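Chains, contacts and geometry: an overview
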Amino acid sequence: GYRMIEAPVDVFNASEIKSRLEASSLIQKVLYTEETDSTNTWAKRLAEEGSPSGTLAVAERQTQGKGRRGKVWSSPEGTSVYMTLLLRPEILPQYAAPLTLVMGLSVAQALSETLRLPAGIKWPNDVVVSGKKICGILTEMNAQIDYVEYLVIGTGINVNTQEFPDEIRDVATSAAVQLGHIVSRAELAAAVIRCFEKNYKIYLESCSLKGLMEDYREKMINVNREVKVMGPGEVFEGVAKGINPAGELLVERPNGSVTAVSGGEVSVRGIYGYV
Ligand code: BTN
């Protein structure tokens, strides 16, 4: 009989990622470490030390992985992508918010194009497969009122994860769980960055999502769904209708009026379950 000698499919390190990004004009540096507190925090330190726009910080595990709204992002080794892209765009700070949606779109496209996974976006930037979250994005910015010093876009993708912590077991999934086989994290991470590079150029033409609206909307899974908007001033229910070029969610109220809500000020929950 035959004996298959299997090549390891998921070797994850700096050169595996770098070699797949040689054609990139966006990525200036790929830094990889076995362990860091949080790739976002690391990227901010690098920014403070003068690291250029286009620095990509990648880690095998995080000891203080951060989620949105002060939550913890569980970050064990061996299965996930934890990466943060440092950018120094010449834009006004008020035009930075859509960039987090640009990354969400890029992850959804990379999952669809490279792995044939039907990935959708739960506004603003959770990437979802089969109704479960596969990726989260956390964007942080250091800006003056009229000047962006830098921003860091942190992406966490569940790639080869088989077991999730109890708290998220029902709402989380991974590429390997969906596909039934292990996939290359380096390949996926590079594909995400390549998609981002293409989308980022389009975003920069208008500092808005104008040129990406159709692509985003096509992937958005909460269009025409009932949502509950929980803002600081107001709580209301309505139907999600799409987004505007600023990346705000357009919510139609029962009386027909449409309110644009932004990710920073509200949390939007589907009335039925996670999506
Ligand atoms: C969310 O709550 O959905 C956002 C999760 C963001 C997680 C990623 S993992 C890489 C980067 N480093 C962090 O500490 N957080 C982001």
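As a starting point, this report considers the structure included with it. (Residues numbered from 1 in each chain as written. Predicted model: local features only at pLDDT ≥ 70, side-chain atom pairs only at ≥ 80, totals over all residues. Heavy atoms only, no water.)

Digging into the pairing of strand S10 (residues 249–252)
For clarity, the cut-off: Partly exposed residues are those whose accessible area sits between 20% and 50% of the maximum for their type, while under 20% is buried and over 50% is exposed, using a 1.4 Å probe and protein chains only. Helix numbering and strand numbering both begin at the N terminus, where a helix is a DSSP run of H or I of at least 4 residues and a strand a DSSP run of E of at least 2. Two strands pair under a simple rule: DSSP has to find at least two bridges between them.
Burial along S10 is one-sided: the face carrying Leu-249 and Val-251 is buried and the face carrying Leu-250 and Glu-252 is not. From the end of strand S9 (residues 235–243) to the start of S10, which pair antiparallel, there are five residues, and Gly-247 there has a positive phi angle of about 90 degrees. Note: S10 against strand S11 (residues 258–261), four bridges, orientation antiparallel. Bridging across to S11, Leu-249 finds its partner in Val-261.

Focus: the sheet that holds strand S2 (residues 55–62)
Backbone hydrogen bonds are what pair the strands of a sheet, in a parallel or an antiparallel way. Defined as follows: Here, axes are lines fitted to C-alpha atoms. For helices the fit covers the stretch in contact, and angles between N-to-C directions go from 0 to 180 degrees. Two residues form a contact once any of their heavy atoms are found within 4.5 Å.
Taken in spatial order, the seven strands of this open sheet run S1-S2-S3-S7-S6-S5-S4, and their pairing is mixed. Across the chains shown, the open sheet's two edge strands, defined by having one partner strand only, are strand S1 (29–36) and strand S4 (119–122). The sheet shows a mean angle of 20 degrees between the axes of neighbouring strands, direction not considered. Pairing of S4 with strand S5 (residues 126–129) involves four bridges; the strand directions are antiparallel. Across the sheet, Ile-121 pairs through a bridge with Val-127, a residue of S5. Across the sheet, helix H5 (residues 185–206) is in contact with S2, strand S3 (80–87) and strand S7 (147–158); its angle to S3 comes to roughly 30 degrees.

Describing the packing of aromatic side chains
We describe a pair of aromatic rings using the distance from one ring centre to the other and the angle between the two ring planes. Just so we agree on the cut-off: Each pair of aromatic rings taken from Phe, Tyr and Trp, with Trp reduced to its six-membered ring, is defined by centres within 6.5 Å and is described as stacked if the planes are under 30 degrees apart, edge-to-face if over 60, and tilted in the remaining cases.
Applying the stated rule across the entire model yields three aromatic pairs. With a centroid separation of 5.9 Å and 90 degrees between ring planes, the pair formed by Phe-12 and Tyr-32 is classed as edge-to-face. Separated by 20 residues along the polypeptide, Phe-12 in the segment before helix H1 (14–18) and Tyr-32 in strand S1 bring together distant segments of the chain. Judged by its relative accessible area of 6%, Phe-12 is buried. Between Phe-196 and Tyr-200, the ring centres sit 5.3 Å apart and the planes meet at 20 degrees, which makes this aromatic pair stacked. A residue pair is termed a helical-turn pair when its members lie 3 or 4 positions apart in one helix, as Phe-196 and Tyr-200 do in helix H5 at four residues.

Considerations on the site of the ligand
Put simply, the test is: A single heavy atom is enough: if one lies within 4 Å of a molecule or strand, its residue is considered near that molecule or strand. Between N or O atoms, a polar contact is any pair within 3.5 Å; within protein, one atom must be a potential hydrogen donor and the other a potential acceptor, and residues adjacent in sequence are included only when both atoms are from side chains. Throughout, the Shrake-Rupley method with a 1.4 Å probe supplies accessible areas, and for residues the shown protein chains are the sole cover considered. Each residue is assigned to one class: nonpolar for Ala, Val, Leu, Ile, Met, Phe, Trp, Tyr, Cys and Pro, charged for Asp, Glu, Lys and Arg, and polar for all the others, Gly among them.
What surrounds the ligand is a group of 20 residues, the closest being Ser-38, Gln-62, Lys-66, Arg-68 and Lys-133. Side-chain polar atom of Thr-39 to a nitrogen atom of the ligand: 3.1 Å apart, as the coordinates give it. Residue Arg-68 places a main-chain N or O atom 2.7 Å away from an oxygen atom belonging to the ligand. Its free accessible area being 410 Å², the ligand has 97% of it covered by the protein chains. When contributions to the shell around the ligand are tallied by element, the ones reaching two or more residues are helix H2 (39–48), S3, strand S6 (132–144) and S7. The dominant element in the shell around the ligand, judged by the number of residues it contributes, is S6, at four residues. For the shell around the ligand, a count of residues per class yields five nonpolar, 11 polar and four charged.

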